[in-house]
Every structure is written in structure tokens, then in C-alpha cells.
Amino acid sequence: VSALPAAARCGPISTSEVDVIMDFHWTDIPDACAIEAHAFPDDTWSAESFWGELARTIVGGRYFAADDEAGTLLGYAGVAFTGDDAHLQTLAVAEQARGKGVGAQLLGAVLAEAADRNADRCLLEVRADNTAALHLYTGAGFERLGTRPGYYVGGGEALVLEKVLSGEDVQEGH
């Protein structure tokens, strides 16, 4: 497991149940699948999907896990890199940990990684009706770039969001 960028490391934090943000590991896959089933019931990633994403990290991506003191997976996030762009692949938080800053910490780890790799911007797709995720992303400085009609299973529309990155924004956690 490689060390996290300085901006992504964290110890116990009073505003969240997160004890540590670390690299996502294959042993996290069963718990991630359970979180996934609750977070994205209409478009759930399989264990095979997670294995594929972990294999891609060898050639240029990174996945993070947020664990509590007991080592329970509270959430995960993944980022891939193409050219000068970072692409947030996924971010999900366990139902019992939502609204406690876990998503913000995972997003901060992704943005810090993107800055460390000198990405110019971070892109993502989010369901147009996912108000909690939209609040997280717009609060972190993401802006709407466009839409992808019918992107999700069942025909749900995706909003394409972009955050132009600068070292100052990432250091401040914005």
C-alpha cells in the first residue's frame, strides 16, 4: 500500500466517524458491494467490477477506503486519469455513515491525488436526481459542464460536472 498524499491523510476526526482514509484493497470488495447495493440499487457494481477497477489502478488510477476505528468500511472512492484529466469513477458512503463528512473526506483524498498527479481538472457524472451528491460536489467547487441523457440504467440522466484544479483549492479542501 502506497502512502497517501499529505492532504489526504487523516487521523481521528470529531466531525466524522472516519478514523483513516487509505488505499482500497481487494479485501474491501465484499463490504463495498454491500454499500454499493444500498447506494446505487438500480446500477450496482458487481464484485467483478471492483476487481476490474483495482486492476486498472496498476496503470494509472487509485481507489480509497474510509474506515472507522474498528476497521469497518464506511465508504470508498475511485479516480482514473486520462491525459490531464482526473475522472471520479465512483464515490459511495455506507447508509449509517451518511451526513457525517465521510463523502467529503473521500472526495478530498481524490482531489489531493489529482493535484499530486498534476491533473488540470476533475470530471464526474452524477445522477441528476441525487441531491446529496450534487450538494457535496457543488460545495467542493464542481460546476455543471453538460448532461448525458439516458446514461444510467432505467434511463436516468447524468449531469457532467467539472472542477478546475489548482494547488490552493486542494490544500484548502475546496
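All values derive from a computational prediction rather than experimental measurement.

**Q** How would you sum up the packing of aromatic side chains? Please name residues and give values.
**A** Going through the model one piece at a time under the given rule, you end up with 8 aromatic pairs. Relative to Trp51, the ring of Trp26 lies with its centre 6.2 Å away and its plane at 20 degrees, an arrangement referred to as stacked. One end of the pair, Trp26, is in the loop between β1 (20-23) and α1 (29-39); the other, Trp51, is in helix α2 (residues 47-56), with 25 residues separating them in the sequence. According to the relative accessible area criterion, Trp26 is partly exposed, its value standing at 48%. We classify Trp51 as partly exposed; its relative accessible area is 47%. In this structure an aromatic cluster arises from ring pairing among Phe24, Trp45, Phe50, Tyr63 and Tyr76.

**Q** Pulling in residues and values, what's your account of the nonpolar core?
**A** Of all hydrophobic cores here, the largest spans 31 residues; its most connected members are Tyr137 and Phe142. Counting only elements with at least two residues in this core, the list comes to β2 (61-67), β3 (73-82), β4 (85-93), α3 (102-116), β5 (121-127), α4 (131-139) and β7 (158-164). Those residues in contact with Tyr137 that sit more than four places away from it in its chain are Leu88, Leu91, Leu107, Leu124, Val126, Phe142 and Leu161. In terms of nonpolar packing, the next biggest core, distinct from the first, is built from 12 residues, Phe24, Ala32, Tyr63 and Tyr76 among them.

Cut-offs and rules
Residues numbered from 1 in each chain as written. Predicted model: local features only at pLDDT ≥ 70, side-chain atom pairs only at ≥ 80, totals over all residues. Heavy atoms only, no water. Phe/Tyr/Trp six-rings, centres within 6.5 Å; stacked < 30°, edge-to-face > 60°. Helix = DSSP H or I, 4+ residues; strand = E, 2+ residues; numbered from the N terminus. Buried < 20%, exposed > 50% of the residue type's maximum accessible area, 1.4 Å probe, protein only. Core = buried A, V, L, I, M, F, W, Y, C linked by side-chain atoms within 4.5 Å. Contact = heavy atoms within 4.5 Å.

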